[in-house]
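# A structural walkthrough
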Amino acid sequence: MLTEALQIGDLERFRELLNLSRGEKGLQPISEEQYRALCHAIKGREIEIFVLKEESDGVLKGFGAAALEFQLEQCAYVPVNRGRYFCKECQTKELQCQLEEYVADAMKVRGVSFPAKA
């Protein structure tokens, strides 16, 4: 199982995974307008999405999302958890830790700790 930042070429696959996550919460699939807004946010780096991906076929099996937010009190960027999801077969502690460590490393490269320390 690969862990990587969401690639632009995987946006449609991510949409399917996001809709699966939403369906399990009783929510409707995202609309075309919402999908365009999501693509804009991803391309504009307003949100960072990291995925678990099957090496053999590229199917996305889970995601973690974070955003960097500038806080005036600290005069610094702090990471904000924007959600996560794992398909049933990936709801293992090992895979969840793998993704969480990847997100933490990606935020560390940006000079912040994730999750944010109080």
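Sequence order as written defines residue numbering, which begins from 1 separately in each chain. Per-residue local features are limited, in this predicted model, to residues with pLDDT of at least 70; the limit for side-chain atom pairs, both in listing and counting, is 80 or more; totals at the level of whole chains, interfaces and linings are taken over all residues. Side-chain measures were taken over the full set of non-hydrogen atoms in the model, leaving aside hydrogen atoms and water.

Here we take up the overall build of the chain. Each helix corresponds to a stretch of at least 4 residues labelled H or I by DSSP, and each strand to a stretch of at least 2 residues labelled E; elements are numbered beginning at the N terminus. Within the chain one finds 3 helices and 4 strands. In sequence order, the chain lays out its α and β elements as β-α-α-β-β-β-α. Every radius of gyration here is taken over C-alpha atoms, with the globule rule written as 2.2 Å times N^0.38, N being the number of residues. A compact globule built from 118 residues should have a C-alpha radius of gyration of about 13 Å, and the chain, at 14 Å, falls within 12% of that. Dimensions of the chain, computed from C-alpha atoms along their principal axes, come out at roughly 40 × 35 × 25 Å. Whether a residue is buried, partly exposed or exposed follows from its accessible area with a 1.4 Å probe, protein chains only, as a fraction of its type maximum: under 20%, in between, or over 50%, in that order. Taken across its 118 residues, the chain has 41% of its residues classed as buried. Throughout, a contact is declared for two residues whenever any of their heavy atoms are within 4.5 Å. Considering only residue pairs separated by 6 or more positions, the chain has 56% of its internal contacts joining residues 24 or more positions apart.

Like-charged residues are merged into a patch within 9 Å and nonpolar side chains (Val, Leu, Ile, Met, Phe, Trp, Tyr) within 5 Å, provided each residue has over 30% relative accessible area and no salt bridge. Working definition of accessibility: Shrake-Rupley area with a 1.4 Å probe, residue cover restricted to the visible protein chains. We count a salt bridge whenever a side-chain nitrogen from Lys or Arg sits within 4 Å of a carboxyl oxygen from Asp or Glu. Judged by side-chain polarity, Leu-68, Phe-70, Leu-72 and Tyr-77 come together as a nonpolar surface patch covering roughly 420 Å² of accessible area. Positionally, Leu-68 belongs in strand β3 (residues 60-71). For Leu-68, a relative accessible area of 32% puts it in the partly exposed group.

For the rest of this paragraph, the subject is the side chain of Lys-61. Position of Lys-61 relative to the elements: it lies in strand β3. With residues up to four places along the chain from it excluded, the contact list for Lys-61 reads Met-1, Leu-17, Leu-52, Glu-54, Tyr-85, Phe-86, Cys-87, Glu-89 and Cys-90.

Attention now moves to helix α1 (residues 11-24). Any helix carries an expected span of 1.5 Å times its number of residues minus one. If you check α1, its first and last C-alpha atoms are 20 Å apart, about what 14 residues at 1.5 Å a residue would give, namely 20 Å. Three or more residues of α1 are buried, namely Leu-11, Phe-14, Arg-15, Leu-17, Leu-18, Asn-19 and Ser-21. The secondary structure elements touched by the buried residues of α1 are α2 (32-43), β2 (48-53), β3 and β4 (76-86). Looking one or two residues beyond α1, the residue adopting positive phi is Gly-26, at roughly 80°.

Turning our eyes to something else, we now look at the packing of aromatic side chains. A pair of aromatic rings is counted whenever rings of Phe, Tyr or Trp (Trp by its six-membered ring) have centres within 6.5 Å, and the orientation is called stacked for planes under 30 degrees apart, edge-to-face for over 60 and tilted otherwise. Across all of its chains, the model carries 4 aromatic pairs by this definition. For the ring pair Phe-70 and Tyr-77, a centre distance of 5.2 Å and an interplane angle of 75° mean the geometry is edge-to-face. Every member of this aromatic cluster is reached through a ring pair, and the members are Phe-14, Phe-63 and Tyr-85. Distance and angle both matter: a charge sits over a ring if NZ of Lys or CZ of Arg is within 6 Å of the ring centre and within 35 degrees of the ring normal. Over the ring of Tyr-35 we find Arg-15; its NZ or CZ atom is 4.3 Å from the centre of that ring.

Once that is clear, we can look at the nonpolar core. Counting residues in hydrophobic clusters, the biggest one holds 19 residues, and the most contacted among them are Leu-6, Phe-14, Leu-38, Ile-42, Ile-49, Val-51 and Phe-63. Counting only elements with at least two residues in this core, the list comes to α1, α2, β2 and β3. A total of 5 residues in this core trace back to one element, the largest contributor, which is α2. Residues in contact with Phe-63, not counting those within four places in the same chain, are Phe-14, Leu-17, Leu-18, Ser-21, Ile-49, Phe-50, Val-51, Gly-83, Arg-84, Tyr-85 and Leu-99. By nonpolar core we mean a set of buried residues, namely Ala, Val, Leu, Ile, Met, Phe, Trp, Tyr and Cys, connected to one another through side-chain atoms within 4.5 Å. Counting residues in each nonpolar core, the second largest holds 11 residues, with Phe-50, Leu-52, Cys-90 and Leu-95 among its members.

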